Amino acid sequence: MTIWQRIWPEELAMLQHNPKAIPMGPGSFERLCANCGGMQTMMVFVIDSGPYPQANGRKLKWLELPETAKNPATPTVSGWYSGELRSAPCPVCCKGQMATYVLHNCGLTGADLDVSLANFKVDGPLLAEKAAALTVCKQLLGQGLAVAGFVTLVGDYGVGKSHLLKGVVNGFRQIGVMAKYSTMSDLLSDIRERFGDEHGAREAEAVIDLYRRARILAIDEVDRINLTGWAKETIFRLLNSRYEESDRLLTVMATNVEPVDLPAELGYLGSRMNGGQIIRVGGPD
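Scope of this entry: the structure provided in the associated data block. Because the structure is a prediction, the values reported are computed rather than measured.

Reading the values: the criteria
- Residues numbered from 1 in each chain as written.
- Predicted model: local features only at pLDDT ≥ 70, side-chain atom pairs only at ≥ 80, totals over all residues.
- Heavy atoms only, no water.
- Salt bridge = Lys/Arg side-chain N within 4 Å of Asp/Glu carboxyl O.
- Helix = DSSP H or I, 4+ residues; strand = E, 2+ residues; numbered from the N terminus.
- Buried < 20%, exposed > 50% of the residue type's maximum accessible area, 1.4 Å probe, protein only.
- Core = buried A, V, L, I, M, F, W, Y, C linked by side-chain atoms within 4.5 Å.
- Contact = heavy atoms within 4.5 Å.
- Phe/Tyr/Trp six-rings, centres within 6.5 Å; stacked < 30°, edge-to-face > 60°.

**Quick look at the pattern of salt bridges**
Reasoning step 1: Within the structure shown, the criterion is met by six salt bridges.
Reasoning step 2: The partner of R212 in a salt bridge is D209, and the shortest N-O contact between them spans 3.9 Å. Here D209 and R212 lie together in helix 6 (residues 200-213), a separation of three residues that amounts to about one turn.
Reasoning step 3: For R224, the salt bridge is made with E221, and the minimal N-O distance between the two is 3.6 Å.
Reasoning step 4: Of the residues examined, E221 reaches a relative accessible area of 25% and is grouped as partly exposed.
Reasoning step 5: Taken together, the shared-partner salt bridges connect D209, R212 and R213 into one network.

So, in structure tokens, the structure goes:
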């Protein structure tokens, strides 16, 4: 399964009239539609015939295809295909689906979609310690398309860190900016599950790259994971990359322990957190 198909599987509906038109990969667009970058036109590969076990002198393209498709006439076997590239209307932008597209990718469902910074309570003497964290999150939203940084929310269980992360994601989602929420354990599970199919390593790399390139990424419960060797390596690759690009990407994390108190295996992460912005969330549960 390609990144394009994983991001927006429903877009395959655009191919009903030409089931052998396979969408090409997305671009690394920071805010707009990942299919076309807001240009309303994308590229598809229209298949003449295939698959072939080898090129045999033809002008062919290797296509990595999912094993199932909504249209039974759409190819589902990966391999070499002959055909040509053509332009096609983007099904997201041309059909008014941008809001649904952003919603589909935000990582939130149900009641979490209603969480906002506006309903984060800071009034009263017992809640005053939460006000500074709320102010910082509002400032992030206020930066709009120019937002960037590497921010860590630190606090005890139940003080509202998850609420703030979800509020940030929903705030950007509502103005059409691509933002994604995930716990660290769910993020790692999403990557690990890709190793189970025939093209597991390639699929896992595609998922890591998707999280690495996300315009805004909110990661909850950073410290609540099983630190296997694979997990440590994957976390480092992902967060080190985002730290190095913190001048153009926004990463917001939440943890229950101070960066200096993270397990020794995550010492590098504590160093990156200290190199960014640390916000302490106090007050009662």
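**A short note on the nonpolar core**
Reasoning step 1: Of all hydrophobic cores here, the largest spans 28 residues; its most connected members are L153, L164, L165, V169, F172, I216 and L250.
Reasoning step 2: Looking at this core, the elements that each hand over two or more residues are helix 3 (131-142), strand 5 (149-154), helix 4 (161-174), strand 6 (179-183), strand 7 (216-220) and strand 8 (250-255).
Reasoning step 3: Apart from residues lying up to four places away in sequence, L165 is in contact with L153, Y181, A218, I219, D220, V252, M253 and A254.

**Points about the packing of aromatic side chains**
Reasoning step 1: According to the stated counting rule, one finds three aromatic pairs in the structure shown.
Reasoning step 2: A centroid spacing of 5.2 Å and a plane angle of 85° characterise the contact between F150 and Y243, whose relative ring orientation is edge-to-face. Of the two residues, F150 sits in strand 5 while Y243 sits in helix 7 (residues 229-244), which places them 93 residues apart along the sequence.
Reasoning step 3: The class of Y243 is partly exposed, set by a relative accessible area of 26%.
Reasoning step 4: Ring geometry for F236 against Y268: centres 5.0 Å apart, planes inclined by 85°, an arrangement best described as edge-to-face. You can see F236 sitting in helix 7 and its partner Y268 sitting in helix 8 (residues 267-275), a full 32 residues away along the chain.
Reasoning step 5: Residue Y268 is classed as partly exposed on the basis of its relative accessible area of 21%.

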